Amino acid sequence: MRLPIQINEQSAEPLYHQIEVQLRALIVSGQLAEGMLLPSIRELAQTVKCSVITVKRVYNDLEAEGLLRTRQGTGTYVAQVGEQERDRHRLSAVIEALEQAVIAGKRVQCTEEELETMFKEAMNKHFD
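Rules and cut-offs
- Residues numbered from 1 in each chain as written.
- Predicted model: local features only at pLDDT ≥ 70, side-chain atom pairs only at ≥ 80, totals over all residues.
- Heavy atoms only, no water.
- Phe/Tyr/Trp six-rings, centres within 6.5 Å; stacked < 30°, edge-to-face > 60°.
- Lys NZ or Arg CZ within 6 Å of the ring centre and 35° of its normal.
- Pairing = 2+ DSSP bridges.
- Helix = DSSP H or I, 4+ residues; strand = E, 2+ residues; numbered from the N terminus.
- Buried < 20%, exposed > 50% of the residue type's maximum accessible area, 1.4 Å probe, protein only.
- Axes fitted to C-alpha atoms, helices over the stretch in contact; angles between N-to-C directions.
- Left-handed = near helix turned anticlockwise from the far one by under 90°.
- Contact = heavy atoms within 4.5 Å.
- Nonpolar A, V, L, I, M, F, W, Y, C, P; charged D, E, K, R; others polar.
- Core = buried A, V, L, I, M, F, W, Y, C linked by side-chain atoms within 4.5 Å.
- Parallel < 35°, antiparallel > 145°, perpendicular 65-115°, else oblique.

A.B. asks: With reference to specific residues and values, describe the packing of aromatic side chains.
C.D. replies: Scanning all chains against the criterion turns up zero aromatic pairs. Above the ring of Tyr-16, the side-chain terminus of Arg-57 is found at 3.5 Å from the ring centroid. Here Arg-71 stacks its cationic end above the ring of Tyr-77, 4.2 Å away from the centre of that ring.

Right, here's the structure in full:
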């Protein structure tokens, strides 16, 4: 199975974080169904061109969050995620992205008003 994970090598964001965020989004959005077998650690590492250690860290982190489960000898599967838990993860991902946007804006000295205007423009662009 090939996961639709895109790596941006130009990003300052660590590889494991890019993979983890995207994989988490695929799970909480329901694009990866409960019980679905994920690629092996080696397979995914080859696909996204990173180290096995990086993918192992991602799988371990998501397993600790309760989004994945690993069965010795059979592989790593998408765990059962309740609706309340799914919503918590879904909103958490958006909050993290918004916080990163605010940090990026402050880094280039955007004012609060500029950030609010950009946010409203982005909302209008995607919800019209």
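What follows continues from the structure just given.
A.B. asks: Mind laying out the pairing of strand β1 (residues 68-71), listing which residues take part and the relevant values?
C.D. replies: The sheet contact formed by β1 and strand β2 (residues 75-78) spans four bridges and is antiparallel. Directly across from Leu-68, in β2, lies its bridge partner Val-78. What sits between the antiparallel neighbours β1 and β2 is a turn of three residues, in which Gly-73 has the positive phi angle 85 degrees.

A.B. asks: I'd like to hear about unusual backbone geometry, residue by residue, with values.
C.D. replies: Look at Lys-49: it is not a glycine, yet its phi comes out positive at around 55 degrees. Relative to the elements of secondary structure, Lys-49 occurs in the loop between α2 (41-48) and α3 (52-64). Despite not being glycine, Gln-109 has its phi angle at roughly 60 degrees, a positive value. For Gln-109, the position within the fold is in the loop between α4 (83-107) and α5 (112-127). Judged by its relative accessible area of 66%, Gln-109 falls in the exposed class.

A.B. asks: Could you give me a rundown of the packing of α2 against α3, with the residues and numbers involved?
C.D. replies: Packing of α2 against α3 leaves a shortest axis separation of 8 Å and a crossing angle of 120 degrees. The interaxial crossing formed by α2 with α3 has right-handed handedness. Each of Ile-41, Arg-42, Leu-44 and Ala-45 in α2 lies in contact with α3, whose residues at this interface are Val-52, Val-55, Lys-56 and Tyr-59. Here the contact of α2 with α3 is composed, by residue class, of six nonpolar, no polar and two charged.

A.B. asks: Residue-level account of the nonpolar core, with values.
C.D. replies: Among the nonpolar cores identified, the biggest contains 20 residues, and Leu-3, Ile-5, Leu-23, Ile-27, Leu-32, Leu-38 and Tyr-59 are the most heavily contacted of them. Going through the elements one at a time, α1 (15-28), α2 and α3 are the ones with two or more residues in this core.

A.B. asks: Give me the lowdown on the packing of α1 against α4, citing residues and values where you can.
C.D. replies: In contact at an axis separation of 9 Å, α1 and α4 are set at 140 degrees when each is read in the N-to-C sense. Comparing their axes, α4 and α1 come out oblique. In this structure, α1 meets α4 at a crossing whose hand is left-handed. Where α1 abuts α4, its residues His-17, Val-21, Arg-24, Ile-27 and Val-28 lie against Arg-86, His-89, Arg-90 and Glu-96. Its residues assigned to classes, the contact of α1 with α4 comprises three nonpolar, two polar and four charged.

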